[in-house]
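These are the residues of each chain, in order.
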Amino acid sequence: MEFNPQVPIYLQVVTSIKRDIVIGQLKPGDKLPSVRDLAVSYTINPNTAGRVYTELEAEGICFTRRGLGTFITEDKERVEQMKEEMAKELTDHFLDGMKRLGISPQEAINIIKEREKC
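Here the residue numbers are simple positions, counted from 1 along each chain's written sequence. Reporting of local features is limited, given that this is a predicted model, to residues whose pLDDT is at least 70; pairs of side-chain atoms are given and counted only at 80 or more, and all residues count toward the totals for whole chains, interfaces and linings. Note that water and hydrogens are dropped before the side-chain values are worked out from all heavy atoms of the structure.

> How do you make sense of the overall build of the chain when you look at a structure like this?
Tallying secondary structure elements over the chain gives five helices and two strands in all. Reading the chain from its N terminus to its C terminus gives the helix and strand order α-α-α-β-β-α-α. Throughout, radius of gyration means the C-alpha value; the globule benchmark is 2.2 Å times the number of residues raised to the power 0.38. At 17 Å, the chain has a C-alpha radius of gyration far larger than the 13 Å of a compact globule built from 118 residues. Each residue is assigned to one of three classes by its accessible area relative to the maximum for its type, calculated with a 1.4 Å probe on protein chains only: buried under 20%, partly exposed between the two thresholds, exposed over 50%. Looking at the chain residue by residue over its 118 residues, the buried ones come to 25%. Pairs of residues are marked as contacts when any of their non-hydrogen atoms sit within 4.5 Å. Relative to all contacts within the chain whose residues are 6 or more apart in sequence, the contacts with residues 24 or more apart total 48%. Working definition of accessibility: Shrake-Rupley area with a 1.4 Å probe, residue cover restricted to the visible protein chains. Summed over all atoms, the accessible surface of the chain reaches about 8,500 Å², with 53% contributed by carbon and sulfur. For the charge count, each Lys or Arg is scored as positive and each Asp or Glu as negative, with His and the chain ends excluded. Charge coordinates come from a single atom per side chain, which is NZ of Lys, CZ of Arg, CG of Asp or CD of Glu. One way to put it: in the chain the 17 positive side-chain charges average out to a point 2 Å from where the 19 negative ones average out. Each helix is a run of H or I in the DSSP string that is no shorter than four residues. Each strand is a run of E no shorter than two, and both are numbered from the N terminus.

Below is the structure:
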């Protein structure tokens, strides 16, 4: 993964894991890698990997079972909520960019419809 220097690394990894959950690459109840394995797979410091799990737990996306590891929430409603939050964020970013170009929301929709035909 190539990191954006303007965004904290742990947040970028959190977003990556959330995306994997939303698209179904990681399923509810799946065990996540250990902190060390996560650090190796993303080439990050183990302390940063620990912070990733702390953030995911704080958001209710995963939970830890002492001695067993960290697991993805089995709450399908939470996963759906996370998907909606991510979609809203992407849409807001897109519409903000279009607005800065002087393109109205309706014009943006028309552009999307045209691009979809390609």
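> What is the right way to read the side chain of S16 from this model?
Tracing the backbone shows S16 in helix α1 (residues 9-22). Ignoring any residue separated from it by four or fewer positions in sequence, one finds S16 in contact with M1 and Y42.

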